[in-house]
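Residue-level listing of the chains:
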Amino acid sequence: MSVKYDTDRPIKVIKSLPEGIAECLPDGIADEFERRKFFMREAIKAAWASSSSGDVPVGCVIVRHNEIIAAACNERERNKCATSHAELTAIERACAALGGWRLVSCELFVTLEPCPMCAGAIVNARIPKVYIGAPDPKGGAAGGMFDLFSTGVNHKPEIYRDILKDDCSRLLTEIFKGKR
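What counts, and at which threshold
- Residues numbered from 1 in each chain as written.
- Predicted model: local features only at pLDDT ≥ 70, side-chain atom pairs only at ≥ 80, totals over all residues.
- Heavy atoms only, no water.
- Helix = DSSP H or I, 4+ residues; strand = E, 2+ residues; numbered from the N terminus.
- Buried < 20%, exposed > 50% of the residue type's maximum accessible area, 1.4 Å probe, protein only.
- Areas by Shrake-Rupley, 256 points an atom, 1.4 Å probe, with all protein chains shown as cover.
- Pairing = 2+ DSSP bridges.
- Axes fitted to C-alpha atoms, helices over the stretch in contact; angles between N-to-C directions.
- Contact = heavy atoms within 4.5 Å.
- Core = buried A, V, L, I, M, F, W, Y, C linked by side-chain atoms within 4.5 Å.
- Phe/Tyr/Trp six-rings, centres within 6.5 Å; stacked < 30°, edge-to-face > 60°.
- Expected span 1.5 Å × (residues − 1).
- Salt bridge = Lys/Arg side-chain N within 4 Å of Asp/Glu carboxyl O.

### Here we look at the overall build of the chain
What the chain contains, in helices and strands, is five helices and five strands. Reading the secondary structure of the chain in the N-to-C direction produces α-β-β-α-α-β-α-β-β-α. Sorting the 180 residues of the chain into buried and exposed places 48% on the buried side. Just so you have it, the chain exposes about 9200 Å², and 53% of that area is on carbon and sulfur atoms.

See the structure below:
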């Protein structure tokens, strides 16, 4: 039995994005730096949804061919579930949208450096590029606390750091300021 990998073949993606999240990169954005900022802004929009339920405001979008196929925010408090992280939920939704677990033609944009659990899911989903907003020196597994991707794992995504770092950091500090 041969396995079909998600390559660059055109497919019909079935998705349901949260309200306010753009479906794709607007025409006229050709610069790579501007493209990254656009998708990180969409992840920031997703993060705001988690703040109303008392969750840490982390947002994530998964992009395939400049089209957002999945978006999610942290929902641990809302769902009363330790694994309801933005990255895991977005990966699950992207797998459902594409009909398979290999996200080899996708990119992940996340407002906060992934934790060890989410970094492991990124490895297992074979996501080739990860864009991180703010670092997490206490719990990050992409260079913060340690770097899971530099160990002997079978898949090592390219990591791009500090995409709209100040905006992503401000999102976290503003939410926590109100809780202290």
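### Description of the sheet that holds strand β5 (residues 158–160)
Two pairing modes exist for strands in a sheet, parallel and antiparallel, and in both the strands are linked by backbone hydrogen bonds. Taken together, five strands build an open sheet; the order of strands is β2-β1-β3-β4-β5 and the sheet is mixed. Both edges of this open sheet fall to β2 (67–73) and β5, since each of them pairs with a single strand only. Between one strand and the next, the sheet's axes are offset by a mean angle of 20°, whatever the strand orientation. The sheet contact formed by strand β3 (residues 106–112) and strand β4 (residues 129–134) spans five bridges and is parallel. What sits directly across from Leu112, in β4, is Ala134. With respect to the sheet, helix α1 (residues 32–51) is in contact with β1 (59–64), β2, β3, β4 and β5, its orientation differing from that of β3 by roughly 55°.

### Description of the nonpolar core
Of all hydrophobic cores here, the largest spans 51 residues; its most connected members are Met40, Ile62, Ile91, Leu103, Leu108 and Ile127. Contributing elements (two or more residues each) for this core: α1, β1, β2, α3 (86–98), β3, α4 (116–125), β4 and α5 (165–179). Top element by residues in this core is α3. It accounts for seven residues. Leaving out residues up to four positions away in the same chain, Ile127 has contacts with Ile91, Leu103, Cys106, Glu107, Leu108, Ile122, His155 and Pro157.

### Some points on the packing of aromatic side chains
The description of two aromatic rings rests on the distance between their centres and on the angle between their planes. On inspection of all chains with the given rule, the structure shows four aromatic pairs. Judged by centre distance (5.2 Å) and plane angle (75°), the ring pair of Phe38 and Phe39 falls under edge-to-face. Ring geometry for Phe109 and Tyr131: centres 4.3 Å apart, planes at 10°, overall stacked. Here Tyr131 lies in strand β4 and Phe109 lies in strand β3, a separation of 22 residues in the sequence.

### Some points on α4
Counting buried positions over the 10 residues of α4 gives seven, a clear majority of the element. Turning to α4, its buried residues number three or more, namely Cys118, Ala119, Gly120, Ala121, Ile122, Val123 and Ala125. Buried positions along α4 lie against α3, β3 and β4. One or two steps after α4, the chain reaches Arg126, where phi turns positive at roughly 65°.

### Here's the deal with α3
The terminal C-alpha atoms of α3, which comprises 13 residues, lie 18 Å apart, in line with the 18 Å expected from a rise of 1.5 Å per residue. By the criterion of burial, α3 is predominantly enclosed, with 10 of the 13 residues buried. Every buried residue belonging to α3 is among Ala86, Glu87, Leu88, Thr89, Ala90, Ile91, Ala94, Cys95, Ala97 and Leu98, and all of these are buried. Of the surrounding elements, those touching the buried residues of α3 are β1, β2, β3 and α4. Phi for Gly99, located one or two positions after α3, is positive at around 75°.

### Describing the pattern of salt bridges
Note on pairing: side chains with opposite charge can pair once their charged atoms come close. Tallied over the entire structure, the rule returns seven salt bridges. For Glu75, the salt bridge goes to Arg78, with nearest N and O atoms at 2.7 Å. Overall, Glu75 belongs to the buried group, its relative accessible area being 15%. Measuring nitrogen to oxygen at the nearest pair gives 3.0 Å for the salt bridge that ties Arg170 to Asp167. One end of the pair, Arg170, and the other, Asp167, are both in helix α5, three residues apart, so they sit about a helical turn from each other. Judged by its relative accessible area of 40%, Arg170 is partly exposed. Of the residues examined, Asp167 reaches a relative accessible area of 31% and is grouped as partly exposed. It is possible to trace a salt-bridge network through shared partners that takes in Glu32, Arg35, Arg36 and Glu107.

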